[in-house]
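# Descriptive structure summary
Chain residues, written in single-letter form:
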Amino acid sequence: MDTIFALATARGKAGVAIIRISGPVSHDAVRQLAGDVPQGRRAVLRTLRSGGEVLDQGLVLTFSEGSGFTGERAAELHLHGSTAVTRAVLTVLAGMPGLRQAEPGEFTRRALDNDRLDLTQVEGLADLIDAETEVQRKQALRVLSGAIGKRAEMWRASLIRAAALLEATIDFADEDVSADVTPEVLGILDALLAEFRAESDGARIAERVRDGFEVAIIGRPNIGKSTLINMLAGREAALTSDVAGTTRDVIEVRMELNGLAVTMLDTAGLRQTDDAIEQLGIGRARARAESADLRVFLMDEAGLPEGMIPVTGDIVVKGKADLGAKGPGVSGLTGEGVQQLVDRISGELSGRAAGSGTLTRERHRVALMRAILALEAGRNEVSKKTARIEIAAEDIRSAIRALESLVGGIGAEAVLGEVFSRFCIGK
């Protein structure tokens, strides 16, 4: 296998730059630069040279097989974060026999190939790199720690037990086997089906935590939607005007509410109009509002906008409270009621996030749904008076294969390209 290297920290000027090297000749490369190879997993200060010229002075770390991130023999160079320094060291490494520049995500791919990480942990690492909020960080760390793999292994062990019980009845069908395994097998399958269904439901919420919730602000024209968006964003994100129908397209503002990533959507005012361009904007507003996780209805004296009805969890509040409307309301101009509205939005979304499961991606949910379908089929066979045990056992084996595809044990090649394309070089 090739020895690969790359800058593992961000490009540009910084206090420290880290160059990662992994592969069979990584220690030889360090020896050429530093003169000797320090004891494994200990940082030592060394002067790096090439052809008698000093490149830099920095910390050198080495890892033996099985002890580092990739599971291979590896090394790290912790240098001064100068663009010139990193360029010089990378150029020297590129000229060494047997070394080449790493591709995006190649270090992590090697960690997967060497069983240092399973596929869900790789996805957790990608999510951790992309995490913007505290809740996303915690969720990504939970996945990176192997939480999904541990649960999948527990589920797999239970399924193997159920399959073994059924296989025993097949193997000893001609002998006097007094024990009826049906109750135990059904108990295992029922417990797993209940757990799988709960995890499948929680996966949708967990995916929203990872990608961010969408909250659409909707109402009639000139009700104060754009002014409210600007107040929430703390900047002029949307054009405001006294002229009704100013907003034609959906304006998105990304923010953090109570540790959750939230995209607020400013939409066109909902009304009947002959303006073709405004009609397009209203159509987009309705479509985005219907697909949003939560809708905030700004209401005026005329009531709610036509064609949109709040559902459970949506928020209805009076707009332009600065104009003296009766009852509590919100004003993006003066800030009246804004904090209360933010608290209601974050409270509703936090309540939903509390129901998130261990699985965080649509791929995870699809794998679990395959397992659910297989177990349902197997359970139906076991519960019949004329049970076809061979078919039930095969259904359980299908469920086991679905769980193995969840953590990357089998059938993962189709998703690896998409997963690793999101990684940067050096990771």
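Residues numbered from 1 in each chain as written. Predicted model: local features only at pLDDT ≥ 70, side-chain atom pairs only at ≥ 80, totals over all residues. Heavy atoms only, no water.

## Some remarks on the sheet that holds strand β3 (residues 44-50)
In space, the six strands of this open sheet follow the order β3-β4-β5-β2-β1-β6, with mixed pairing throughout. One side of each edge strand has no neighbouring strand; the edge strands of this open sheet are β3 and β6 (99-101). Strand-to-strand twist of the sheet, defined as the mean angle between neighbouring strand axes without regard to direction, takes the value 30°. Sheet topology places strand β1 (residues 3-7) next to β6; three bridges connect them, and they run parallel. Within β6, the residue paired with Ile-4 across the bridge is Arg-100. Taken strand by strand, helix α1 (residues 26-34) contacts β1, β2 (16-22), β3, β4 (53-63), β5 (74-80) and β6, and its axis lies near 80° from that of β3. Strands in contact with helix α3 (residues 106-113) are β1, β2 and β6; relative to β1, the strand with the most contacts, it is inclined by about 135°. (Pairing = 2+ DSSP bridges. Helix = DSSP H or I, 4+ residues; strand = E, 2+ residues; numbered from the N terminus. Axes fitted to C-alpha atoms, helices over the stretch in contact; angles between N-to-C directions. Contact = heavy atoms within 4.5 Å.)

## Digging into the sheet that holds strand β7 (residues 213-219)
One open sheet accounts for five strands, arranged β8-β9-β7-β10-β11; its pairing is mixed. Of all the strands in the sheet, the pair left with one neighbour each is β8 (251-257) and β11 (315-318). Neighbouring strand axes in the sheet, compared pairwise and without regard to direction, differ in orientation by 25° on average. As defined by bridge partners, β7 adjoins strand β9 (residues 260-266) across five bridges and the pair is classed as parallel. Bridge pairing links Glu-214 to Thr-263 in β9. Contacting β7, β8, β9, β10 (294-299) and β11, helix α10 (residues 338-353) runs over the sheet at an angle of about 155° to β10.

## Points about the pairing of β3
Here β3 runs beside β4; their pairing, made up of seven bridges, is antiparallel. Residue pairing across strands places Leu-45 opposite Leu-59, the latter belonging to β4. The antiparallel pairing of β3 with β4 creates a hairpin that spans two residues between the two strands, and Gly-51 there sits at a positive phi of about 60°.

All we've got here are geometric facts, nothing functional implied.
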